[in-house]
Amino acid sequence: MSGADTTCAYCREVLTGNVLQDAWGTRVHSHHHIPMCYSCGKWIIGDVFSTEDGRMICKDCLSSIVMKSSQKKWVDTRVRNVLILHGINNLPLKIQVQIVPSQIIKRKNPLKESSTAIQLGLTCCDELILNNNRVCRHSVFMLTHQTKIQFAGTLAHEYLHVWQNQMNIKLSQDMSEGFCNMGTFYMFQSIDNIVAKNYIQRMMSDQDPNYGIGFRKVKEIADSLHTDNLKLVMNKLLTI
Ligand SMILES: [Zn+2]
Ligand SMILES: [Zn+2]
Ligand SMILES: [Zn+2]
């Protein structure tokens, strides 16, 4: 047996009594109060970075945060490519994406029910009628301090809100959020590393009525149609 299995990752003493394990298999004594990284789910042993909205982030995740516009552009291209692979080939070319702190997201979305979950993104659509045509101006607000993988998952979700707004599609909240999370799911599936797999696991066990249960309802519909084309999934959702 390796030492890692029998000693605490924090104090290096032998593991006895109650033991806690993170999603990565790292084990510690339950009496230590060790923060868990909001992004990757690892115990943070060492320096902790805390965001103003209370997320604790490990050093590894902090080094892959999306901040600069060049990083944003890089992720944007990948997200658009994944959505095209899944049938969304008419996403507006111009979508304003801003990286903002949580107060801005809360202020823009005051109607959001008092969920304690941190909101990673928000999409707004201003509708105008110009020469009898409906014109949408889309803005996406992304929460600060998201790693590349997390940012990609959130952006895929928000872009599917943009697409629904653009197509003037109105669904119930659980179906709408569930549909958007299909984008997140396909994004993580295409990244396919241990962090992305961990995010998929979290989505599969999320008990939120919209983001968890709603997502799995939409995924079941996609599975029953044997398709990964989101336009076909939407056609079906519109008949329910
Ligand atoms: Zn210990
Ligand atoms: Zn981390
Ligand atoms: Zn959403």
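Along each chain, residue indices are assigned from 1 in the same order as the chain's sequence is written. Chains and ligands are labelled sequentially in the order written, the chains with letters from A and the ligands with numbers from 1. Thresholds applied to this predicted model are a pLDDT of at least 70 for local features of residues and 80 or more for the giving and counting of side-chain atom pairs; totals over whole chains, interfaces and linings are not thresholded and use all residues.

Chemist: Lay out the pairing of strand S6 (residues 121–130) in plain terms, naming residues and giving numbers.
Modeler: Being paired, for any two strands, means DSSP has found at least two bridges between them. Only DSSP runs of H or I covering at least 4 residues are called helices, and only runs of E covering at least 2 are called strands; the numbering of each starts at the N terminus. Of the strand pairs in this sheet, S6 and strand S7 (residues 133–143) are connected by 10 bridges, and their pairing is antiparallel. Across the sheet, the residue bridging to Glu 127 is Cys 136, located in S7. Here S6 folds back onto S7, and the loop between the two strands holds two residues, one of which, Asn 131, carries a positive phi near 45°.

Chemist: Outline the pairing of strand S5 (residues 96–100), supporting the account with residue identities and numerical values.
Modeler: With C-beta atoms placed from the backbone, a residue counts as buried when 20 or more other C-beta atoms lie within 10 Å of its own, as exposed when 12 or fewer do, and as partly exposed for counts between those limits. Side-chain alternation along S5 places Val 97 and Ile 99 on a buried face and Gln 96, Gln 98 and Val 100 on a face that remains uncovered. Relative to S7, S5 runs parallel, the two sharing five bridges. From the neighbouring strand, Ile 99 faces S7, where its bridge partner is Met 142.

Chemist: Outline the sheet that holds S6, listing residues and values.
Modeler: Spatial ordering of the open sheet is given by S5-S7-S6, a layout of three strands whose pairing is mixed. This sheet does not close on itself; its edge strands, each paired only once, are S5 and S6. Adjacent strand axes in the sheet meet at a mean angle of 20°, parallel and antiparallel pairs treated alike. For the purpose of contact definition, each residue receives a C-beta atom placed from its backbone, and two residues are in contact when these atoms lie within 7 Å. Simply put, an axis is a line fit to the C-alpha atoms, just over the touching stretch for a helix, and the angle between two N-to-C directions goes from 0 to 180 degrees. Sheet strands touched by helix H5 (residues 148–166): S6 and S7. Its angle to S7, the strand with the most contacts, is close to 165°.

Chemist: If you had to explain H5 to someone new, which residues and values would you point to?
Modeler: Here the expected length of a helix is defined as 1.5 Å per residue gap, with one fewer gap than residues. Taking 1.5 Å of rise per residue, the 19 residues of H5 would be expected to cover 27 Å, and the 26 Å separating its terminal C-alpha atoms lies within 8% of that figure. Judged by how many residues are buried, H5 sits mostly within the fold: 15 of 19 residues are covered. Where H5 ends, the next residue or the one after it, Asn 168, has phi of about 60°, a positive value.

Chemist: Describe the domain arrangement of the protein chain, listing the residues and the values that go with them.
Modeler: Throughout, the edges of the domains are those of an automatic or database domain assignment. Here the protein chain is partitioned into domain 1 (1–63) and domain 2 (69–237). On a C-alpha basis, the centroid separation for the pair domain 1 and domain 2 is 30 Å. In this complex, domain 1 contributes 10 residues to the contact, which on the side of domain 2 involves nine residues.

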